[in-house]
Amino acid sequence: MRSVKLSVALAREVSLARSRAATGWLRGTPQGRTVRRVIDGLAEVQIVDRSMVLAAQIFTSVLPVIIAASVFSGWHAAAETINDQFGFDSGSLGAETGASSDDPTLAAFGVVGLLMVVLGGTSFARALARVYAAVWKVPTLGPRDAWRWLAALLAVAIAVALVGQTRELTRIRYAGGPLALAGELVVWACVWTVAPFLLTKGALTGRPLWVSGVLTAAGLTAMHAVGRVVLPRTTANAEAHFGPLGLAFTTVSWLFVLSMVIVGAAAVVKALALDETAVGRFLRGPQQNGA
C-alpha cells in the first residue's frame, strides 16, 4: 500500500514539473529541470547538516558495534577493518592489551557490552531513517518498528566489516584487485538496498530502491579507492601533530564525506525518478508512469 502511495506521489511531482512555467535552461528543458531538481533536492534535504549528524552517529554507533563484536572473533578483524577504512594502524592506539578473547571475564563483558552498544547504537539507524523520510516523503518510524532500526544498524556494521575483509582478495595473483573492488561494490550495493527498504517500511521498492543502492555503492567504492591513497598520509600527519585527537578528527571528517555520498545518492535518485526523459520513465516503471 505504501509503495503505491509513493508511486502516485512521484507521478504527481512529474506532472507538476511539466506544468510549471518554463524559462531559462534550468526550467525550459527536461535535462535542465532534472539538474534543478537535483540541486533543490540536495538543498531541501539539508545534505551538509544531515551528513554531519550521520557521520557522528557512525562514529559513535557503528564502529563501537564492530569493535564490541570483535570480542567473539578476536581483535584482528576489527583492527583490519579500521585500518582498511580509515588508513591508520589501530595497534598504535594500544589495541594490543594482551587480553585474549577466550578470557571468561572479557567474554562476559563482551556479551553485556555488545548488547548495550547495539541498543544504544540504533541512533544511527534513526538518523538514517530521517534522511530517507526527508528525501522520499514517507513517515518516520515509530517505537513499534524499533526492530527495523536494529536490523539496519547490524546490516551496516556487518557490511563495513565484510568490506574490510574483501581486501584479502587482493592476494590473488592478477585478478585480486578487480575481485576486491567487485566484492566491495556488491557488499555495499546489498546493504544500501536493504537499509532504505527497512527504514521506509517497504515504501521504497522496485527500481528506485536498487538503483539507489547501486549508486550509493558506486560512490562509496570510488571514495574508498581515493581514501586508500589519501588517508594514510593524512592520518599520519594528523597523528604526528595532534596524537589520537588528530586521528579522531580525521576519521569523523572522512565519515562526513562518506555520509554525503549516502545522503546525496538518495537525493539524486529521487530527482532522476522525477525526470521527464527515458531515465525517469525507467526508474518509475510501468505502474508509476501510468499512475
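The notes below deal with the structure included here. (Residues numbered from 1 in each chain as written. Predicted model: local features only at pLDDT ≥ 70, side-chain atom pairs only at ≥ 80, totals over all residues. Heavy atoms only, no water.)

Section: the overall build of the protein
No. 1: For the protein, the count of helices and strands is 12 helices and 0 strands.
No. 2: Listing every helix and strand of the protein by position from the N terminus yields α-α-α-α-α-α-α-α-α-α-α-α.
No. 3: Per-residue burial for the protein yields a buried fraction of 45% across its 291 residues.
No. 4: Within the protein, counting contacts between residues at least 6 apart in sequence, those at least 24 apart form 75% of the total.
No. 5: In the form shown here, the protein has an accessible surface area of approximately 14600 Å², with 67% of it arising from carbon and sulfur atoms. (Helix = DSSP H or I, 4+ residues; strand = E, 2+ residues; numbered from the N terminus. Buried < 20%, exposed > 50% of the residue type's maximum accessible area, 1.4 Å probe, protein only. Contact = heavy atoms within 4.5 Å. Areas by Shrake-Rupley, 256 points an atom, 1.4 Å probe, with all protein chains shown as cover.)

Points about the side chain of Thr251
No. 1: Summarising the element assignment, Thr251 is placed in helix α11 (residues 244-273).
No. 2: For Thr251, a relative accessible area of 4% puts it in the buried group.
No. 3: Within the structure, Thr251 has its side chain in polar contact with the backbone oxygen of Leu247 (distance 2.8 Å). (Polar contact = N/O pair within 3.5 Å; in protein donor to acceptor, adjacent residues only side chain to side chain.)

Notes on the packing of aromatic side chains
No. 1: As enumerated under the stated definition, the model contains 1 aromatic pair in all.
No. 2: Taking 6.3 Å as the distance between ring centres and 80° as the angle between the ring planes, the aromatic pair formed by Trp210 and Phe282 counts as edge-to-face. A residue pair is termed long-range when its members are at least 10 positions apart, and Trp210 in helix α10 (residues 206-242) and Phe282 in helix α12 (residues 278-289) qualify at 72 residues.
No. 3: We classify Phe282 as partly exposed; its relative accessible area is 40%.
No. 4: Geometry around Trp149 places Arg126 over its ring, the cationic atom sitting 5.5 Å from the centre. (Phe/Tyr/Trp six-rings, centres within 6.5 Å; stacked < 30°, edge-to-face > 60°. Lys NZ or Arg CZ within 6 Å of the ring centre and 35° of its normal.)

Some words on the environment of Ala157
No. 1: Its location among the elements puts Ala157 in helix α8 (residues 146-165).
No. 2: Through-space distance from the C-alpha of Ala157 to that of Val65 is 6.8 Å; in sequence the pair is 92 residues apart.
No. 3: Contact partners of Ala157, with chain neighbours within four places excluded, come to Val62, Val65 and Ile66.

Considering the nonpolar core
No. 1: Counting 54 residues, the largest nonpolar core has Val62, Phe124, Leu128, Tyr132, Trp188, Trp192 and Leu199 as the members making the most contacts within it.
No. 2: Breaking this core down by element, the ones donating at least two residues are α4 (47-73), α7 (122-136), α8, α9 (176-199), α10 and α11.
No. 3: Once residues lying within four places of it in the same chain are set aside, the contact partners of Phe124 are Leu54, Gln57, Ile58, Ser61, Val62, Leu153, Val156 and Trp192. (Core = buried A, V, L, I, M, F, W, Y, C linked by side-chain atoms within 4.5 Å.)

Observations concerning the packing of α7 against α9
Packed helices, taken two at a time, are described by the angle between their axes plus the distance between the axes.
No. 1: Relative orientation of the contacting elements α7 and α9 amounts to 80°, with a least axis distance of 9 Å. Our classification of the angle between α7 and α9 gives roughly perpendicular. Contacts between α7 and α9 involve Phe124, Ala125, Leu128, Ala129 and Tyr132 from the former and Trp192, Ala195, Pro196 and Leu199 from the latter.
No. 2: The residue inventory of the contact of α7 with α9, partitioned by class, reads 9 nonpolar, no polar and no charged. (Axes fitted to C-alpha atoms, helices over the stretch in contact; angles between N-to-C directions. Parallel < 35°, antiparallel > 145°, perpendicular 65-115°, else oblique. Nonpolar A, V, L, I, M, F, W, Y, C, P; charged D, E, K, R; others polar.)

In short, the description is geometric, and any link to function would need to be established separately.
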